[in-house]
Amino acid sequence: MAIIKISTRLNAPLQQVAEHITKPALLVYVAAPLVQLQPVHPAQWPEQWSDGGQYRVQLWQFGFIPLGWQIIRTEIVSAQADHFIFRDRGQGRLAKTWDHSITLIKAGDTTTLYSDSIEIRAGLLTPIVVGFAAIFYRWRQHRWHRLIANQFNYSR
């Protein structure tokens, strides 16, 4: 087992960041182009993740290297005025445990402290999966900054 924790400050209000966390479109945006996700069950992305939802996806690195399937299990752990916690108790072909929590803390009227915490169990592949995850989550946070700079336009 390994745990990765990565944080950044986002120049957007907590409520706005929290609203976007609950959209599958955000995951697709922040993962691209390192990882592409294709919904399998259900076959289409919902508009919003449901609290207690379960989604099966196919993962592709750079859009053409198959990484197998992943189950995304969504949960809104806490939704307060000063903090928000969203959790994916996922698992997949490569990682038997992919427990990802996103914690948002209000750092000002227009600033949010954003933290990813990921617990990974992938047997003998754990060091490789953890190495990839460390790069992937730094990339995701970079993409968050870009999305905010582009006023939450997912097409850029």
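Thresholds applied
Residues numbered from 1 in each chain as written. Predicted model: local features only at pLDDT ≥ 70, side-chain atom pairs only at ≥ 80, totals over all residues. Heavy atoms only, no water. Phe/Tyr/Trp six-rings, centres within 6.5 Å; stacked < 30°, edge-to-face > 60°. Helix = DSSP H or I, 4+ residues; strand = E, 2+ residues; numbered from the N terminus. Buried < 20%, exposed > 50% of the residue type's maximum accessible area, 1.4 Å probe, protein only. Lys NZ or Arg CZ within 6 Å of the ring centre and 35° of its normal. Contact = heavy atoms within 4.5 Å. Pairing = 2+ DSSP bridges. Axes fitted to C-alpha atoms, helices over the stretch in contact; angles between N-to-C directions.

**Q** I tried to follow the packing of aromatic side chains on my own but got confused; where do I start?
**A** Two descriptors summarise a pair of aromatic rings, namely the distance from one centre to the other and the angle between the planes of the rings. Taken as a whole, this structure holds 7 aromatic pairs when the rule is applied. Both rings, one in Tyr114 and one in Trp144, keep their centres 5.4 Å apart while their planes meet at 50 degrees; by these two values the pair is tilted. Here Tyr114 is found in strand β7 (residues 111-121), whereas its partner Trp144 is found in helix α3 (residues 126-149), with 30 residues between them in sequence. Ring geometry for Phe136 against Tyr137: centres 5.2 Å apart, planes inclined by 80 degrees, an arrangement best described as edge-to-face. Of the two residues, Phe136 and Tyr137, both sit in the buried class. Between the NZ or CZ atom of Arg56 and the centre of the ring of Trp69, over which it lies, the distance is 4.4 Å.

**Q** What am I meant to see in the side chain of Gln61 here?
**A** Summarising the element assignment, Gln61 is placed in strand β3 (residues 54-61). Contact partners of Gln61, with chain neighbours within four places excluded, come to Leu34, Leu67 and Phe132.

**Q** Before we go on, may I ask you to explain the sheet that holds strand β1 (residues 2-10) in this structure?
**A** Spatially, the 7 strands line up as an open sheet ordered β1-β7-β6-β5-β4-β3-β2, and their pairing is antiparallel. Looking along the sheet, the strands with just one partner apiece sit at the ends: β1 and β2 (35-41). Each strand axis lies, on average, 25 degrees off the axis of its neighbour in the sheet, ignoring direction. Here β2 runs beside β3; their pairing, made up of 6 bridges, is antiparallel. Looking across to β3, one finds that Pro39 is bridged to Val57. Across the face of the sheet, helix α1 (residues 14-21) comes into contact with β1, β5 (83-92), β6 (97-108) and β7 while running at roughly 160 degrees to β6.

**Q** Whenever I open this one, the side chain of His20 confuses me. Can you help?
**A** Examined against the element boundaries, His20 turns out to sit in helix α1. With relative accessibility at 6%, the residue His20 sits in the buried group.

**Q** Explain the pairing of β7 here, please?
**A** Put simply, side chains in a regular strand alternate between the two faces of the sheet. Across 9 bridges, the pairing between β1 and β7 is antiparallel. The partner of Leu10 across the bridge, within β7, is Thr112. Summarising the sheet, β6 and β7 pair through 11 bridges and their orientation is antiparallel. When the bridges of β7 are listed, Gly108 appears paired with Thr111. Here β6 folds back onto β7, and the loop between the two strands holds 2 residues.

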